[in-house]
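Tertiary structure, described
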Amino acid sequence: MHILQIIVKNTSTMDFTLPLLWKAHESHPDYRLSILYCTFDKRQILRRSGYYSHQFEACGVTEYDFACFLKKPYCYFRPLLRWMFSRSPADKMHLRELFQQCKGSTHLSRLVRLILLLLKGQTLRAFVDSLVKSALVWLERHTAPKMIPVETILPRLAPDLVLFDNRSTTTFYGREHFYAYFDEHQKPVVLIPHGPHFRDPISEFTPFDEQGQILPTYCDYWMPLRFGTPWICTPKQKKQYAVVGYPGFDQDWLTNVMNRSAHVASASDKRTRKCLFIVRRYLPAGVQREAGLDPFIVDYEDFMEPLKALSEAIRLSGEEIEVIVKPHPVNNYKELAHDFAKAGIQHWRITHEPIYAVLPEVDLVVSLFSTILLVPALAGIPTLVIETQLQRHVHQEWALLRDLYTKLSFYVEHAEAVPTTFQKILVGGEVIRVACRQDIEHLRYYFPDRAIAAGLNRITWLMTRQKQLPSFATLPN
């Protein structure tokens, strides 16, 4: 059996599937496992991360991107083309957003304000670099479809089951050929969530195709949080929804991650304590929030206040502590590095790796709202959560999430409380260990163990059902 995962945006769905593929390779060595990145070069999604590719290789997973399928004579220029189209679009400035938010009575006055804003907050080199990246993004979208026979990719890979990113928009070039292939062959397509939970129990539903079918009969909708009810959107198709859980939270997987000798810090490294700081995309300095902007893009102040509090906590500790910054997949890394350098923290670095790669080396975690903070908390690492405007918004959207986050042992309502809580964690002792165990027990109420087994069992059931039926199209709603 060939299981193919299709990645259309960023790495968040791979955090869900990596544990699943790890166990599938271990328990079903006869399975063929593949990953297809719907970009010219996979580095647009992976950036500098080597962890995913290393783990996929260990699990027998073959990686593909669109450059693997170049036509002749373009394939002879593959290394050059890969280099040209390898940069992540997220690392360019969002010039359109900035322009729209610059006040002015005319386009010229707004343009002048934009230039002044850029020169104040960014270097000219970063601005030019962003323009180059924007030009390369435009060039790729207009030339790559002529160089790559996208319509032949899925027929050549011939998957028996597809793990497909469940996204509100799918904008990769050639998408129409992918959806046509799904419709024609009607092999099982599993819709993979990009996080452990969403904004409310119903908005966990995202249509399979925002331009067409909402939920075809060959699709299987996987739910990570057992309290979600996205099936309300298509009640007649409730059998196509499965509460699987979140594989990255499974105890077996977390134990495996924490015990990997290749990633565990050496005794010499452990002299310096390490703090993981989890952030998310935020507005640049000087940019005001406009009506209708996604609330999950936080204000600049909601990023800087916790960062300054962390800086003060480290100063008061009197210890040498290295801060490892874990960005959101859509963070602009250069912008983040520029702002972080101003915070007064001496030892810090941005990690390009997923959360699983850094878990074994960190002593504690400080985090803004992010579902990924639940991973270290379930791994037994003290996780300090700082309340922000976004966190309060999340609680208002779904009261269940208020209890999930605020009942964690190291949740603080104000950034001013960070230094005191930070110091308690550093002191450690049995009190902190007990609190971490309590957090694990608390989170297991929402995310029971053995999600990996649930996912693999569901895949087996889907494949068995397909063999028994001539076509998914004949299934009743």
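First things first, this report covers the structure right here in the doc. Sequence positions are assigned chain by chain, starting from 1 and proceeding in written order. Only residues with pLDDT of at least 70 get local features here, since the model is predicted, and only at 80 or more are side-chain atom pairs given and counted; chain-wide, interface and lining totals rely on the full set of residues. Calculated side-chain values reflect all of the structure's heavy atoms, with hydrogen atoms and water omitted.

Considerations on the sheet that holds strand β11 (residues 364-367)
Stated precisely, the cut-off is as follows: Any two strands between which DSSP finds at least two bridges are classified as paired. Only runs of H or I of at least four residues qualify as helices and only runs of E of at least two qualify as strands under DSSP, and these elements are numbered from the N terminus. Contacts: residue pairs with any heavy atoms within 4.5 Å of one another. To get an axis, fit a line to the C-alpha atoms, keeping to the stretch in contact for a helix; angles then go from 0 to 180 degrees between the N-to-C directions.
Strand order in this open sheet of 6 strands is β10-β9-β8-β11-β12-β13, and the pairing throughout is parallel. Only two strands of the sheet have a single neighbouring strand rather than two, namely β10 (348-350) and β13 (411-412). When strand β8 (residues 273-278) meets β11, the two strands line up parallel, connected through 4 bridges. Paired with Phe277 across the bridge in β11 is Val366. Together, β8, β9 (321-326), β11, β12 (383-386) and β13 form the strand contacts of helix α17 (residues 418-427), whose direction differs from that of β12 by roughly 175°.

Some remarks on the pattern of salt bridges
Rules: For this document, the term salt bridge refers to a Lys or Arg side-chain nitrogen within 4 Å of an Asp or Glu carboxyl oxygen. To sort residues, take the accessible area from a 1.4 Å probe on protein chains only and compare it with the maximum for the residue type: under 20% means buried, over 50% means exposed, and anything in between is partly exposed.
A complete count under the given rule lists 19 salt bridges for this structure. Glu26 is the partner of Lys23 in a salt bridge, and the nearest nitrogen-oxygen pair spans 2.7 Å. Taken together, the positions of Lys23 and Glu26, both in helix α1 (residues 12-27) and 3 residues apart, correspond to about one turn of that helix. For Glu26, a relative accessible area of 51% corresponds to the exposed category. For Glu430, the salt bridge identified is with Arg437, shortest N-O distance 2.9 Å. Through salt bridges that share partners, Asp41, Arg43, Asp65 and Arg82 make up one connected network.

Brief notes about helix α16 (residues 399-406)
Our working rule: The directions considered for the arc run from the helix axis to the C-beta atoms.
Burial in α16 covers these residues: Leu401, Leu404 and Tyr405. Buried residues in α16, looked at end-on, bunch into an arc of 85°, giving them a common side.

Things to note about the packing of α1 against helix α10 (residues 251-258)
Applied cut-off: By definition in this entry, angles of less than 35 degrees are roughly parallel, angles greater than 145 are roughly antiparallel, angles of 65 to 115 are roughly perpendicular, and the rest are oblique. Just so you know the grouping, Ala, Val, Leu, Ile, Met, Phe, Trp, Tyr, Cys and Pro go in nonpolar, Asp, Glu, Lys and Arg go in charged, and all remaining residues, Gly too, go in polar.
Contact geometry of α1 with α10 gives a least axis separation of 11 Å together with a crossing angle of 90°. Between α1 and α10, the angle is such that the two are roughly perpendicular. Only Asp252, Trp253 and Asn256 of α10 make contact with α1, whose side of the interface consists of Leu18, Pro19 and Trp22. Each residue belonging to the contact of α1 with α10 can be placed in one class, and the counts come to 4 nonpolar, 1 polar and 1 charged.

Description of the pairing of β11
Covered by surrounding structure in β11 are Leu364 and Val366 together with Val365 and Ser367, the residues of both alternating faces. Relative to β12, β11 runs parallel, the two sharing 3 bridges. Residue pairing in the sheet places Val365 in a bridge with Thr383 of β12.

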